[in-house]
Amino acid sequence: LRAFASGSIPDLASALSSPYADIERAEGKLARKQISSCVRAQGDPWTHLGYLARDPDSVVPTWLDFCVSWRDEALSGARTLADWIRRFNLLMAGTPWLAACSGSGLVAKRDSAAQDAMVRSLLVSQLLGDSTRKLTLGEFVAHCEGRWQNDPYTIRSQTGVRVSTTPAGIGDASIVIALGMLEGRFPSRRAEDPILLDRDRDWLRQARTDWRLPSSYDRAAEDRREFYRVACAAPKIVFSYPLNFGETPEIRTSYLDELEADGITPSYTVKRYEDRFPKPHPSLSMSDLLGAQAWHDDETFDPGELVAHKQGQLRQAAGSASDALIANPEIKREMSALPLPLRLAHLRSLRQCPFQYFARAKLDLRSARPRWAWDCVANAVRKADVSADSADALRSNLMAALEGELSGWRGKAPQHELELVRVAAPKALSAFAEREISMRQKWGLRIKGQNVTLGEANLRSSVPLGGYSLNFSERIDVLYEREGTSDVAQLRLGRTRQSGPAGDPEFDLETSIITFLSKGQAERLSIVDSLESGQRLISPRSVSGGVSKLKNSASEGLFVDPSSDPLATLKSDFVEQLNGLLAIASRGDLTATPGVYCQTCEYPALCRQAQSSEVGSAQWGFDEE
Ligand code: SF4
C-alpha cells in the first residue's frame, strides 16, 4: 500500500521478497530486478510494470498487473472509508495474500487472524468515524498504518463441533456430548404400536418369516444398543441431562445406573443455569462475546473497541425497539388515513387492538392460519346452499360443504383443531339446520339471497360522518324477506364468546351498523346466529319505536332482542362509538394493547407486545411460530 501511495517502484519490488508474494526465491530475485528496471524505462514506470506483468516471457507475477490497475483506479479520486475498505478487500482477493493465509497450519492461522484483525480494525474506524469524510489514497494508507501499528490480534482456537442425531453419524471424535439423557426420552418409554399390537406382530411374523415387524421389546432393545454405541463412540463421553424442567424434577436415564452397576463410575458435575455462557474472553467469536458480556456483565473485562461499539448499538436498538411512537410525519399521516372501503372487520380489529387494525387495514395482511376453529364451520354454512326447505336436506348440504372446507384447511390449521371441528361441527350444523327451518316458520321469513352485497340487500354502502364519507364493503350471509311485507331481514354468522341470548357486545356494534345501513323499510330486522352457542338473536328496529311482536323459542335457540330502542337512539349510539373508533384510527398511534383478544388474534407472530405478554406466549407457543 505504501508503494502505491508513494509511487515507489523499488518499494513494490521489495514486496516480492515477502513469503506472501507466492514466488520462488530465485524467480523473485529476477522479478525484482525486472521491476526495478521499470524506473529507467521511458514514460510512466507503472505502465511499464503493467506491460511486464502481462508479458508471458517475463517472470514478473501476473497479479502485479491487477495491482497496477487497482492503483490507477485508487488515484482517480477521494473516497469514503467504506469505499476504501471495499477496494482493499478487492485488492486482497487479487493478490496471493488471501491464499497464503488459508492453510490449516499454525502460521496460516496466525496470518489469517492478523488479516482478520486488519479488516476489523478498519471496520471499527469506519463505524466510529465520520462516514461522509473522503480520503485520498495517501490519506487512506496513512490511516491504515495508524490503525494497524499496534493493533493486537487473537488466534481463535475453536475446533469443529459436529451435531449428530444418531450414533452412526458420530464418526471419529475425541469427545462426545450426549444431551437429554432422561428417562422416557432415551430410552423412550416402551409403548406398543396401537395400530398393530405386539401380539399381532408375533402372529404375522410366524406366518411370514421374511417380514420384519419389531415389537415394542425389540425397539427397546435397539434403544439400549444405541446407548452403548454412544457410550463407545469416543474416548471421552459426557452424558448430560437437566435436573429439572421448571419446577418439575427430571429423572435421569436408567442406562446411567446400568453403567454404574457394570462397574463404570462416571464423575458427575452440576452446571448451574448461571454458567450457560462462557466467561468473556478475547478468543470467543463476536456473538459469543456479546452474549457472554451481557450475561456476566463483567466490568473488569475489556471487550475491545469493536465489541464495545456493537454493545452500544444493541443497547440503543433495544431501547428504541420499545419506543412505539412514530416520529416521521409522513408515515404518521399514512397511518392515520382511513382505509377505503372501510370494513366492519377493520372496526372490529380497531376495537380489539390498534395493532390488529394496523396489520389488517394498513398492511392488508391475513393469517394463512385460521383465526378460530369455528370460522371453518361458519365458512361451511356460507358455502352451502341454505335455501333447502327441510332440515334434513339443509343438513346434508351443510355436511357436504363442511367436508370441502375441512379439506381446504388441512395443513393450515393445527390437526387437533381440525379433529375437534370434525367431531363438534356435525352437531352444530345439525342444530343450525333445525334453527333455520324453525325460524323461517316461526318468524315468517323467506330466503331472498345468500352471500349478497350491501347493494343487493338494498342497504346503503356509504355513510356521511363528521366530514368523512365512510364506504362499507360487506356481505350479508343470508338475506330474508318477511312474508306479506316489504321488510327484509339480514342474517350474519357471528362468533360470540359469551353464551346467552344477549350475544357479544363486539358484534352488537356491527349489527347496529348493518341495521343503520338499511333504507326504505319501516322495520329493520337483523339476525345474528352463533354456531358455537347454538343461538340466534333477532333485533327488530323500527323508525317509530314500535316493533313487531316476535316470540322467543328458547328450546329451538331462537331469541328476540328485548331492547326496542328506536332507530334514532341506535343511530346516536352507533355514531358515538364510531366516532370514538375513528378518533383512535386517525391519531395514527397504532400501538398494540395486549389483553384478552390476544387469544384469538391473527397477528401474534408479528406483535412484539404479545410475545412478551403471558397471554400471547401461552396461547400461541411462539417457539413454534
Ligand atoms: S397479539 Fe394481542 S397485542 Fe398483539 S396485535 Fe394481537 S391483540 Fe394486539
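In every chain, residue numbers begin from 1 and rise along the written sequence. Thresholds applied to this predicted model are a pLDDT of at least 70 for local features of residues and 80 or more for the giving and counting of side-chain atom pairs; totals over whole chains, interfaces and linings are not thresholded and use all residues. Excluded from the side-chain calculation are hydrogens and water; included are all heavy atoms of the structure.

Our next topic: the overall build of the protein chain. Check the secondary structure of the protein chain and you find 24 helices and 14 strands. Note on exposure labels: buried denotes an accessible area under 20% of the residue type's maximum, exposed denotes more than 50%, and partly exposed covers the range between, all computed with a 1.4 Å probe on protein chains only. The burial tally for the protein chain puts 39% of its 625 residues in the buried class. A separation of at least 24 residues holds for 61% of the contacts in the protein chain among residues at least 6 apart in sequence. Surface accessibility in these figures is a Shrake-Rupley result with a 1.4 Å probe; residues are shielded only by whichever protein chains are displayed. Total accessible area computed for the protein chain in this model is approximately 35,400 Å², and 53% of it derives from carbon and sulfur atoms. Each helix corresponds to a stretch of at least 4 residues labelled H or I by DSSP, and each strand to a stretch of at least 2 residues labelled E; elements are numbered beginning at the N terminus. Note on contacts: a residue pair is in contact if any heavy atoms of the two residues lie within 4.5 Å.

What follows is about the pattern of salt bridges. Just to be clear on terms, a salt bridge is a Lys or Arg side-chain nitrogen sitting within 4 Å of an Asp or Glu carboxyl oxygen. Counted according to the given criterion, the structure contains 32 salt bridges. For Arg 382, the salt bridge goes to Asp 477, with nearest N and O atoms at 2.9 Å. With a gap of 95 residues between them, Arg 382 in helix H18 (residues 373–383) and Asp 477 in strand S10 (residues 475–482) connect regions that are remote in the sequence. Of the residues examined, Arg 382 reaches a relative accessible area of 34% and is grouped as partly exposed.

On to the side chain of Arg 71. Note on placement: Arg 71 falls in helix H5 (residues 63–74). Counted as positive: Lys and Arg. Counted as negative: Asp and Glu, with His and the chain ends omitted from the count. No salt bridge is formed by the buried Arg 71; the nearest opposite charge belongs to Asp 72, separated by 4.6 Å. Aside from chain neighbours lying at most four places away, what touches Arg 71 is Phe 4, Gly 7 and Trp 46.

With that settled, consider the packing of helix H6 (residues 81–94) against helix H8 (residues 106–128). Where H6 contacts H8, the two axes come as close as 9 Å, and the packing angle between them is 165°. Our classification of the angle between H6 and H8 gives roughly antiparallel. At the point where H6 passes H8, the crossing takes the left-handed sense. Residue-level contacts link Leu 81, Ala 82, Ile 85, Phe 88, Asn 89 and Met 92 of H6 to Gln 115, Val 119, Leu 122, Leu 123, Ser 125 and Gln 126 of H8. Interaxial angles span 0 to 180 degrees and are taken between N-to-C directions of axes, which are lines fitted to C-alpha atoms, for helices over the stretch in contact. Reported orientations rely on four angle classes, namely roughly parallel under 35 degrees, roughly antiparallel over 145, roughly perpendicular from 65 to 115, and oblique for the rest. A crossing counts as left-handed when the near helix is turned anticlockwise from the far one by less than a right angle, and as right-handed when that turn is clockwise.

Time to look at the side chain of Gln 356. On the secondary structure map, Gln 356 appears in helix H17 (residues 354–362). Owing to a relative accessible area of 8%, Gln 356 belongs among the buried residues under this scheme. Apart from the residues within four sequence positions on either side, Gln 356 is in contact with Ser 349, Tyr 597, Cys 601 and Tyr 603.

Let us look at H6. A helix is expected to span 1.5 Å multiplied by its residue count minus one. Over its 14 residues, H6 extends 20 Å from the first C-alpha to the last, a length consistent with the 20 Å expected when each residue adds 1.5 Å. Along H6, the residues that are buried comprise Leu 81, Asp 83, Trp 84, Ile 85, Arg 87, Phe 88, Leu 91 and Met 92.

Let us look at the nonpolar core. Among buried residues, those of type Ala, Val, Leu, Ile, Met, Phe, Trp, Tyr and Cys that are joined through side-chain atoms within 4.5 Å constitute a nonpolar core. Within the largest apolar cluster, 39 residues are counted, with the highest numbers of intra-cluster contacts made by Phe 4, Ile 35, Leu 49, Leu 64 and Phe 88. Those elements that provide at least two residues to this core are helix H1 (2–6), helix H2 (9–15), helix H3 (25–37), helix H4 (45–54), H5, H6, H8 and helix H9 (137–148). Core analysis: the second largest hydrophobic core is formed by 38 residues, Cys 376, Ala 489, Leu 531 and Leu 558 among them.

Let us look at a nonpolar patch on the surface. Patch building starts from residues that exceed 30% relative accessible area and form no salt bridge, then joins like charges within 9 Å and nonpolar side chains (Val, Leu, Ile, Met, Phe, Trp, Tyr) within 5 Å. Residues Ile 175, Ile 177, Leu 179 and Val 238 make up a contiguous nonpolar surface patch of roughly 370 Å² in combined accessible area. Along the chain, Leu 179 turns up in the loop between strand S3 (175–178) and helix H10 (198–207). Look at Leu 179 and you get exposed, because its relative accessible area is 66%.

For the rest of this paragraph, the subject is the environment of Ser 102. Within the fold, Ser 102 resides in the loop between helix H7 (97–100) and H8. Classification of Ser 102 as exposed rests on a relative accessible area of 55%.

Under the pairing criterion, centres of Phe, Tyr and Trp rings, with the six-membered ring standing for Trp, must be within 6.5 Å; the plane angle then separates stacked pairs below 30 degrees from edge-to-face pairs above 60, leaving the rest tilted. Evaluated as defined, the whole model comprises 11 aromatic pairs. A ring pair is formed by Phe 4 and Trp 70, whose centres lie 5.5 Å apart and whose planes are at 35°; its orientation type is tilted. A residue pair is termed long-range when its members are at least 10 positions apart, and Phe 4 in helix H1 and Trp 70 in helix H5 qualify at 66 residues. Exposure remark for Phe 4: the relative accessible area of 5% places this residue in the buried category. Look at Trp 70 and you get buried, because its relative accessible area is 7%. Judged by centre distance (6.4 Å) and plane angle (55°), the rings of Trp 70 and Trp 84 are tilted. Remark: Trp 84 occurs in helix H6 and Trp 70 occurs in helix H5; sequence separation between them is 14 residues. According to the relative accessible area criterion, Trp 84 is buried, its value standing at 0%. Aromatic rings pair up to connect Phe 4, Trp 46, Trp 70, Trp 84 and Phe 140 into one cluster.

Okay, the environment of Pro 426 next. Within the fold, Pro 426 resides in helix H20 (residues 415–443). Considering only alpha carbons, one finds Pro 426 and Arg 395, 31 residues apart in sequence, at a separation of 8.6 Å. Every residue in contact with Pro 426, bar those within four places of it in the chain, is listed here: Met 399, Leu 402 and Val 421.

For the rest of this paragraph, the subject is unusual backbone geometry. Both trends apply: most residues other than glycine have a negative phi, and most peptide bonds are in trans. Of note, Asp 22 is a non-glycine position whose phi angle comes to about 55°, a positive value. One can find Asp 22 in the loop between H2 and H3. Asp 22 sits in the exposed class, given a relative accessible area of 64%. At Asp 364, a position not held by glycine, the phi torsion is positive, near 55°. With respect to the helices and strands, Asp 364 occurs in the loop between H17 and H18.

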